[in-house]
Amino acid sequence: MAEMLAIVAAAGRSSRMGCGPKKQYRLLAGRPVLARTLEVLERTSLVGGVVLVVTAEEEDWCRREIVARYGFDKVLAVVPGGATRQESVWCGLEALPPCELVLVHDGVRPFITPEQIGELAAAARECGAATLAVPPKDTVKLAAADDTAATTLPRERLWLVQTPQVFRRDLLLAAHRLARERGFQGTDDTSLAEFAGQPVRLVRGSYRNIKITTPEDFAFAEALLGGGAVRIGFGYDVHQLVDNRKLILGGVEVPFDRGIAGHSDADVLVHAVMDALLGAAGIGDIGRLFPDTDPAYRGISSLVLLERVAGLLRERGLEAENLDAVIVAQAPRLAPYIPQMRDNLARVLGLSPEVVNVKATTTEGLGFTGAGVGMAAYAVAALRGCFRR
């Protein structure tokens with residue numbers, strides 16, 4: 001039996017965010033908010049698995065575009081939620097395998113830390129239920145019916161409750177069942193625990209642990225991720241077209257009577273992209289990192305090399321914000337293959353396809369590309385400094 005499993009509630013309607021995608025799926029520095037939240041749970045050994053609760057009819061999309069795209073191996077199930085958050089967590093509990101502790105977390109709180117999760121787990125083992133919380137910074141008033149201030153509440157005893165919240169599984173199940181039997185609706189799972197007579201331990205959280213709800217929250221979240229530090233890189237590559245070689249572009253084998261000469265698979269598009277990323281990071285170029293004199297790189301897929309470049313960026317606290325590339329070739333016609341090229345680049349870099357752009361153009365018969373002697377590619381990449389906890 002697992003020690004601690006997690007339920008991530010991401011079935012919200014996002015009504016306060018305004019027009020556009022739901023807040024949990026909006027891109028935060030190149031990745032969906034929900035993906036950034038799941039990433040923390042994925043990398044901590046304290047959480048053995050995750051049940052993701054989403055809006056009904058979005059399960060397949062989330063399995064494909066969130067769980068599979070970003071490689072979240074700990075996600076055990078993606079299940080539809082209910083009309084309220086309380087009902088959604090209950091749906092998650094029904095799908096949860098046996099465990100000692102249950103962590104319940106909002107899908108739009110991406111700034112939690114493994115250390116906070118550890119403190120909560122320790123408190124829940126001792127008390128049965130625990131939540132992150134922070135003291136209010138402002139004076140808090142209780143309003144009268146006419147919106148005048150009725151009284152000022154004692155700030156020294158007030159706490160603003162956050163998630164994650166961790167419970168002994170048997171206690172949380174009992175609290176939900178009691179609430180369902182008696183028709184009680186709580187604002188969070190600690191409300192249900194209190195209704196059932198269960199004490200809840202308050203664990204000091206962080207003001208960084210914001211719940212992204214409004215456009216203003218997004219601006220603050222971008223700032224926490226180093227929103228002001230954008231680094232730009234430019235990449236260029238060119239290869240000769242020859243007989244008896246496959247034509248590989250963006251990891252896609254394109255039918256053609258010739259291929260590109262090179263030590264690796266000679267993917268001119270991916271090579272330009274890698275040099276753009278390396279240039280923005282200030283860590284050299286592909287010739288220095290993957291020299292064509294090294295037999296280890298003979299015939300290697302350039303997507304494998306791109307994955308290594310992505311790892312170098314992560315080590316330096318950098319990640320791609322967006323990417324734009326163009327392939328220069330007189331023939332063949334590349335338009336049918338570009339969507340898969342874009343998806344390959346996005347998948348390897350851990351980006352949403354919306355921030356990756358691939359184009360193709362000819363030179364109207366001019367130059368070596370126009371003569372069909374070779375192919376070239378250009379790429380521009382923007383990187384951001386990523387807030388590391």
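In the block above lies the structure referred to throughout.
Residues numbered from 1 in each chain as written. Predicted model: local features only at pLDDT ≥ 70, side-chain atom pairs only at ≥ 80, totals over all residues. Heavy atoms only, no water.

(A) Molecular detail of the pattern of salt bridges. In this structure the tally under the stated criterion is 16 salt bridges. When the shortest N-O distance is used, the salt bridge between Arg64 and Glu65 registers 3.1 Å. The class of Arg64 is partly exposed, set by a relative accessible area of 46%. One salt bridge connects Asp170 with Arg168, and the closest N-O pair in it is separated by 3.1 Å. Looking at Arg168, the relative accessible area reads 33%, which means it is partly exposed. In this structure, a network of salt bridges that share partners links the residues Arg85, Asp106, Arg109 and Asp189. (Salt bridge = Lys/Arg side-chain N within 4 Å of Asp/Glu carboxyl O. Buried < 20%, exposed > 50% of the residue type's maximum accessible area, 1.4 Å probe, protein only.)

(B) Molecular detail of the pairing of strand 7 (residues 129-134). Among the six residues in strand 7, six count as buried, and that is most of the element. Burial along strand 7 is two-sided: the residues Ala129, Thr131 and Ala133 and Ala130, Leu132 and Val134 are all buried. Across five bridges, strand 7 lies against strand 10 (residues 160-168) in antiparallel orientation. Of the residues in strand 10, the one forming a bridge with Thr131 is Gln165. Bridge count for strand 7 against strand 11 (residues 201-204) is four bridges, and the pairing is parallel. Looking across to strand 11, one finds that Ala133 is bridged to Arg204. (Helix = DSSP H or I, 4+ residues; strand = E, 2+ residues; numbered from the N terminus. Pairing = 2+ DSSP bridges.)

(C) Inspection of the layout of surface pockets at higher detail. As a volume, the second largest pocket reaches approximately 350 Å³. Residue lining of the second largest pocket: 13 residues in total, with Arg31, Tyr70, Arg314, Val348 and Gly350 positioned closest to the centre. Only helix 1 (33-43), helix 10 (302-315) and helix 11 (338-349) provide two or more residues apiece to the lining of the second largest pocket. (1 Å grid on protein atoms, 1.4 Å probe; cavity = no way out; pocket = protein on both sides within 12 Å on 5 of 7 lines; lining within 4 Å. Points joined across faces, edges and corners; volume = space filled by probe spheres on them.)

(D) Region of the structure containing the pairing of strand 10. Judged from the four bridges that link them, strand 6 (residues 99-106) and strand 10 form a sheet pairing that is antiparallel. Note that in strand 10 the partner of Leu101 across the bridge is Arg168.

(E) Spatial organisation of the side chain of Glu58. On the secondary structure map, Glu58 appears in the loop between strand 4 (50-54) and helix 2 (59-68). Accessibility expressed as a relative area gives 18% for Glu58, which makes it buried. Among the polar contacts listed, one links the side chain of Glu58 to the side chain of Lys22, at a separation of 3.0 Å. (Polar contact = N/O pair within 3.5 Å; in protein donor to acceptor, adjacent residues only side chain to side chain.)

(F) Geometry of empty space enclosed by the protein. The final tally for this structure, using the stated rule, is one cavity of 30 Å³ or more. As for the largest cavity, its lining consists of Arg31, Ala310, Leu313, Arg314, Leu318, Glu319, Ala320, Leu349 and Leu351. Across the lining of the largest cavity, the residue classes break down as six nonpolar, no polar and three charged. (Nonpolar A, V, L, I, M, F, W, Y, C, P; charged D, E, K, R; others polar.)

(G) View of the environment of Ala346. With respect to the element layout, Ala346 can be found in helix 11. Ala346 sits 225 residues away from Ala121 along the chain, and the two C-alpha atoms are 35 Å apart. Those residues in contact with Ala346 that sit more than four places away from it in its chain are Arg69, Leu351, Ser352, Pro353 and Val356. (Contact = heavy atoms within 4.5 Å.)

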